[in-house]
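# Structural description and commentary
Here is how the chains run, residue by residue.
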Amino acid sequence: MISIVVTHMPVNDEMFYLTQTCVLKLRENTINPFELIIVSNGLITKSWNEDILVVNKENRGNAKAWDMGINVASNNVIVLMDNDVWVEKNWDKEMVEKLSDDNVGVTFPYSILGTDDYRATDYRGRKDGFCFAFNWDVYDMCGPFLQDQPFHSYYEDDNFFMNVMDKGLNLVACKNSKVFHKGQGTTKKILNKEVEDGIESNRKWFNDKWNGEIPYLTK
């Protein structure tokens, strides 16, 4: 059994639709038994009938949301997923199987990004924070996601991935695990000068910590 943490922001009906569709695809296409944990960055005005619901009264960013979701998870394998991800049939099989390899720290799906055409076939093995899986001991060793960064969002996933690689573990994209990622389904709703300044602060923090390197994006 696995724990799937989906982040949700109750900004408007479109965001509710994205999360609703994400959940529907998970229930239709996930091969492993799973518990679903929805972490809402903001008060929910519509009802959910999911297994576990965690609510922040205000948006505190992905890093905090992920940590909160992980801390109520009851399974060793944890998947973190944005609400604008739609999974395809048996998407989780290879991602979970590869985590049994002691040399693998994080697994990712192949994805279609930035298109509204769900029938597109240009899948790419992106090692990014919109959907990834790991075991609890990896999180215990390389987390939490909210560490000492100046802003509550952005680069928390890159920092985690760099921590994993720093421990000698591999990041693996799984060709047989496929998802559709709408892209910026949440970001474009909240972007303003304060957020942009925060992103820049986190970018500088990450570059100073890791000498500006993100090697897994080119491998």
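Residues numbered from 1 in each chain as written. Predicted model: local features only at pLDDT ≥ 70, side-chain atom pairs only at ≥ 80, totals over all residues. Heavy atoms only, no water.

### Focus: the overall build of the protein chain
Scanning the protein chain for helices and strands turns up 7 helices and 8 strands. Among the 219 residues that make up the protein chain, the fraction classed as buried is 52%. Look at the contacts in the protein chain between residues 6 or more apart in sequence, and 75% of them connect residues 24 or more apart. (Helix = DSSP H or I, 4+ residues; strand = E, 2+ residues; numbered from the N terminus. Buried < 20%, exposed > 50% of the residue type's maximum accessible area, 1.4 Å probe, protein only. Contact = heavy atoms within 4.5 Å.)

### A look at helix α2 (residues 61-72)
Residues spaced three or four apart along an α-helix point in a common direction, a consequence of the helix completing one turn every 3.6 residues. In this model, α2 (12 residues) spans 17 Å end to end at C-alpha, consistent with the 16 Å of a helix rising 1.5 Å per residue. Among the residues making up α2, those that are buried are G61, A63, A65, W66, D67, M68, G69 and I70. (Expected span 1.5 Å × (residues − 1).)

### Brief notes about helix α5 (residues 156-166)
Among the 11 residues of α5, 9 are classified as buried, and the element is accordingly described as predominantly covered. Inspection of α5 places E156, D157, D158, N159, F160, F161, M162, N163 and V164 among the buried residues, and these make up the whole buried set. Two residues or fewer past α5, G168 is found with a positive phi of approximately 85°.

### Topic: unusual backbone geometry
Here the bond from G143 into P144 is cis, since omega is 0°, no more than 30 degrees from zero. Even without glycine at this site, N211 takes up a positive phi of about 55°. For N211, the location among the structural elements is in the segment after α7 (193-210). Given the relative accessible area of 66%, N211 is considered exposed.

### Some points on the nonpolar core
Within the largest apolar cluster, 34 residues are counted, with the highest numbers of intra-cluster contacts made by L80, V106, F132, F134, F145 and F160. For this core, the secondary-structure elements that each account for two or more residues are β2 (34-41), α2, β4 (77-82), β6 (104-113), β7 (131-135), α4 (136-142), α5 and α7. Excluding its chain neighbours within four sequence positions, the residues that come into contact with V106 are L99, F132, A133, F134, F160, F161, V164, N170, L171 and V172. If you look at the next biggest cluster of nonpolar residues, it comprises 25 residues, including I4, C22, V85 and M95. (Core = buried A, V, L, I, M, F, W, Y, C linked by side-chain atoms within 4.5 Å.)

### Notes on the environment of D128
Assignment of secondary structure puts D128 in the loop between β6 and β7. A C-alpha to C-alpha distance of 9.4 Å links D128 and P109, two positions 19 residues apart in sequence. If we ignore the near neighbours within four places in the chain, the residues touching D128 are F108, D157 and F161. A distance of 2.7 Å separates polar atoms of two side chains, one belonging to D128 and the other to R126. (Polar contact = N/O pair within 3.5 Å; in protein donor to acceptor, adjacent residues only side chain to side chain.)

### Brief notes about the environment of H152
Mapped onto the secondary structure, H152 falls in the loop between α4 and α5. With sequence-adjacent residues up to four places away left out, H152 is seen in contact with N59, R60, G61, N62, A63 and L146.

### Some remarks on the pairing of strand β1 (residues 2-8)
With 7 of 7 residues buried, β1 is to be regarded as a mostly interior element. Burial of β1 is two-sided: the residues I2, I4, V6 and H8 facing one way and the residues S3, V5 and T7 facing the other way are all buried. Pairing analysis gives 7 bridges linking β1 to β2, with the strands arranged parallel. Bridge pairing in β2 links T7 to V39. (Pairing = 2+ DSSP bridges.)

### Some remarks on the packing of aromatic side chains
For any pair of aromatic rings, the description rests on two quantities: the centre-to-centre distance and the angle between the ring planes. Counted under the stated rule, the structure contains 18 aromatic pairs. Geometrically, the ring pair formed by F132 and F160 is tilted, given 6.4 Å between the ring centres and 40° between the ring planes. One end of the pair, F132, is in strand β7; the other, F160, is in helix α5, with 28 residues separating them in the sequence. Given a relative accessible area of 1%, F160 falls into the buried group. Each ring, one from F145 and one from F160, has its centre 4.5 Å from the other, and the planes form 35°; the classification is tilted. Pair noted here: F145 is in the loop between α4 and α5 and F160 is in helix α5, with a separation of 15 residues, a long-range link. Cluster of aromatic residues (ring-pair linked, three or more members): W66, F108, F132, F134, W136, Y139, F145, F160 and F161. The residue whose ring lies beneath K178 is Y123, and the NZ or CZ to ring-centre distance is 4.7 Å. (Phe/Tyr/Trp six-rings, centres within 6.5 Å; stacked < 30°, edge-to-face > 60°. Lys NZ or Arg CZ within 6 Å of the ring centre and 35° of its normal.)

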